[in-house]
Amino acid sequence: MTAASPIPYHPSVEQPRTDEADIHGQMLATFAKIQETTLKDYGRAVRGVHAKAHGLLVGRLDILDGLPPELAQGLCEKPGTYEALLRFSTNPGDILDDSVSTPRGLALKVVGVEGERLEGSEGTTQDFVMADAPAFTAPDDAAFLKSLKLLAATTDTPQVFKKAFSAVLRGVETVLEGLGTKSPTVIALGGHPETHILGETFYSQVPLRWGAYVAKVAVAPASPALTALTGASLNVNSRPDGLREAVTAFFAENEGVWELRVQLRNVEEAMPVEDASKPWPEALSPYVAVARLTVPRQDAWSEEKVRRIDDGLAFNPWHALAAHRPLGAIMRARRAAYPASAGFRAEHNGCPIHEPGALPASGP
């Protein structure tokens, strides 16, 4: 079956609600509550979500040659090579042992990207913020706020209870997957399968402009050493930082190659912009590779990288070209929440958050 032509972008694809400013205000207060709690616990400020990093990597992004016009947009308008930073993480706003098994994230920062930028987006970076499921856990910002308030209420819950709860939920999720289904809610609450983080495919989950069109993006393992890890079990019991140890061990011995892929919006009814919880059917519009992301062997975790990447940077989909403007309610909420979270870290850690210039293509 031939895929339908991509639908051109038009501002009408977004339908902001009148209560969004109030919702955003409540989100900012809830994130602040989470960060204030963890600041007391750790003596330093961490992110309101995705607080724990498992790998900090430096690589390069090569835009593929010969892309068709609908894919050769924005960042991928022409072939080229860019420096890239990767931060692997897990979802909670508190730093938990890895046996509390939650969704995984990948933040990608492409450096040195020229072109018209979004208002307020300084520097020359293009950020993609992704997670290991094709759709977001909530349809919009109002629904996500309810989950966020629950997260805030449980931030101080002792880890022993979170570990026990996570074990129960993993059992539930195993049964569900045995029946051929999955529960995003169960996974989000701590039932994520105990698998190797480097085998995951990561998705933007919510759409953005792809130049003249609208798309979602994904980063998928491509090199054999990475694809071998897809679905591979990883026992992290009694290993609080087991995921970090696994990422460090991999890059001590291997190069990793991923594909940056794009899914163009081509059927309006099946591919909503405002409902982030609905996956776009890949049967109607498959993800297509537009670039290769190569990360050479390196130390995936060091004090210098923690200072420079984990503490010194913020990853935000609104750090972007105008050609990749984030779309939909979840993205509009991020425009409000992410700078506040980064500002809290900068204020309390005495470490300014900045957008990087040119970086070494590889190194410690």
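Everything below is about the structure printed above this text.
Thresholds, definitions, all that
Residues numbered from 1 in each chain as written. Predicted model: local features only at pLDDT ≥ 70, side-chain atom pairs only at ≥ 80, totals over all residues. Heavy atoms only, no water. Helix = DSSP H or I, 4+ residues; strand = E, 2+ residues; numbered from the N terminus. Buried < 20%, exposed > 50% of the residue type's maximum accessible area, 1.4 Å probe, protein only. Contact = heavy atoms within 4.5 Å. Areas by Shrake-Rupley, 256 points an atom, 1.4 Å probe, with all protein chains shown as cover. Salt bridge = Lys/Arg side-chain N within 4 Å of Asp/Glu carboxyl O. Core = buried A, V, L, I, M, F, W, Y, C linked by side-chain atoms within 4.5 Å. Phe/Tyr/Trp six-rings, centres within 6.5 Å; stacked < 30°, edge-to-face > 60°. Lys NZ or Arg CZ within 6 Å of the ring centre and 35° of its normal. Expected span 1.5 Å × (residues − 1). Axes fitted to C-alpha atoms, helices over the stretch in contact; angles between N-to-C directions. Left-handed = near helix turned anticlockwise from the far one by under 90°. Nonpolar A, V, L, I, M, F, W, Y, C, P; charged D, E, K, R; others polar.

(A) Structural context of the overall build of the protein chain. Each helix and strand in the protein chain was counted, giving eight helices and nine strands. Every one of the 364 residues in the protein chain was classed for burial, and the buried ones make up 53%. Taking as baseline every contact in the protein chain between residues at least 6 positions apart, the subset at least 24 positions apart corresponds to 78%. Taken as a whole, the protein chain presents about 15400 Å² of accessible surface, with 55% of it coming from carbon and sulfur.

(B) Expanded view of the pattern of salt bridges. Applying the stated criterion across every chain, the model contains 20 salt bridges. Here aspartate 310 ties to arginine 47 by a salt bridge, and the two come within 3.3 Å at their closest N and O atoms. Placement of the pair is aspartate 310 in helix α7 (residues 303-311) and arginine 47 in the loop between α1 (20-42) and β1 (52-63), with a sequence separation of 263 residues. The salt bridge involving arginine 261 is made with glutamate 259; its shortest N-O contact spans 2.8 Å. A relative accessible area of 25% means that arginine 261 is categorised as partly exposed. One salt-bridge network, held together by shared partners, links Glu14, Arg17, Asp19, Glu20, Asp141, Glu274, Arg325 and Arg332.

(C) A look at the nonpolar core. One finds Leu198 and Trp258 to be the most contacted residues of the largest nonpolar core, which totals 45 residues. No other element matches the five residues that helix α6 (residues 242-253) contributes to this core. Excluding residues that lie within four positions of it along the chain, leucine 198 makes contacts with Phe88, Pro221, Leu226, Leu229, Val247, Phe250, Phe251 and Trp258.

(D) Representation of the packing of aromatic side chains. According to the stated counting rule, one finds six aromatic pairs in the structure shown. Note on phenylalanine 250 and phenylalanine 251: the rings are 4.9 Å apart at their centroids and 75 degrees apart in plane angle, and the pair reads as edge-to-face. For the pair phenylalanine 250 and phenylalanine 251, one class covers both residues: buried. Taken together, Phe88, Phe202, Phe250, Phe251 and Trp258 form an aromatic cluster joined through their ring pairs. In this arrangement the basic side chain of lysine 109 is found over the ring face of phenylalanine 315, its NZ or CZ atom lying 5.1 Å from the centre. Against the face of tryptophan 301 rests arginine 244, its NZ or CZ located 3.7 Å from the ring centre.

(E) Up close: α1. With 23 residues, α1 extends 32 Å between its outermost C-alpha atoms, agreeing within 8% with the 33 Å of an ideal straight helix rising 1.5 Å per residue. Of all the residues in α1, the buried ones are Glu20, Ile23, His24, Met27, Thr30, Phe31, Ile34, Gln35, Thr37, Thr38 and Leu39. In the segment just after α1, glycine 43 is the residue with positive phi, at about 75 degrees.

(F) Up close: the packing of α1 against helix α8 (residues 329-349). The N-to-C vectors of α1 and α8 enclose an angle of 35 degrees; their axes lie 10 Å apart at closest approach. α1 and α8 meet at a crossing whose hand is right-handed. Counted together, Glu20, His24, Met27, Leu28, Phe31, Gln35, Glu36 and Leu39 of α1 and Ala329, Arg332, Ala333, Ala336, Ala337, Ala340, Ser341, Phe344, Arg345 and His348 of α8 form the full contact between these two elements. Class assignment of the residues belonging to the contact of α1 with α8 gives a composition of 10 nonpolar, four polar and four charged.

(G) Representation of α7. Taken together, the buried positions of α7 are occupied by Lys305, Val306, Arg308, Ile309 and Asp310. Check the buried side of α7 and you find it contacts β1, β2 (81-90) and α8.

(H) Up close: the side chain of glutamate 20. Within the element layout of this structure, glutamate 20 appears in helix α1. Look past the residues within four positions of glutamate 20 in its chain and what remains in contact with it is Asp141, Ala329 and Arg332.

(I) Region of the structure containing the environment of proline 193. Within the secondary structure, proline 193 is located in the loop between α4 (184-189) and β5 (202-203). Overall, proline 193 belongs to the partly exposed group, its relative accessible area being 25%. Remark: the alpha-carbon pair of proline 193 and serine 101, spanning 92 residues in sequence, is separated by 6.9 Å.

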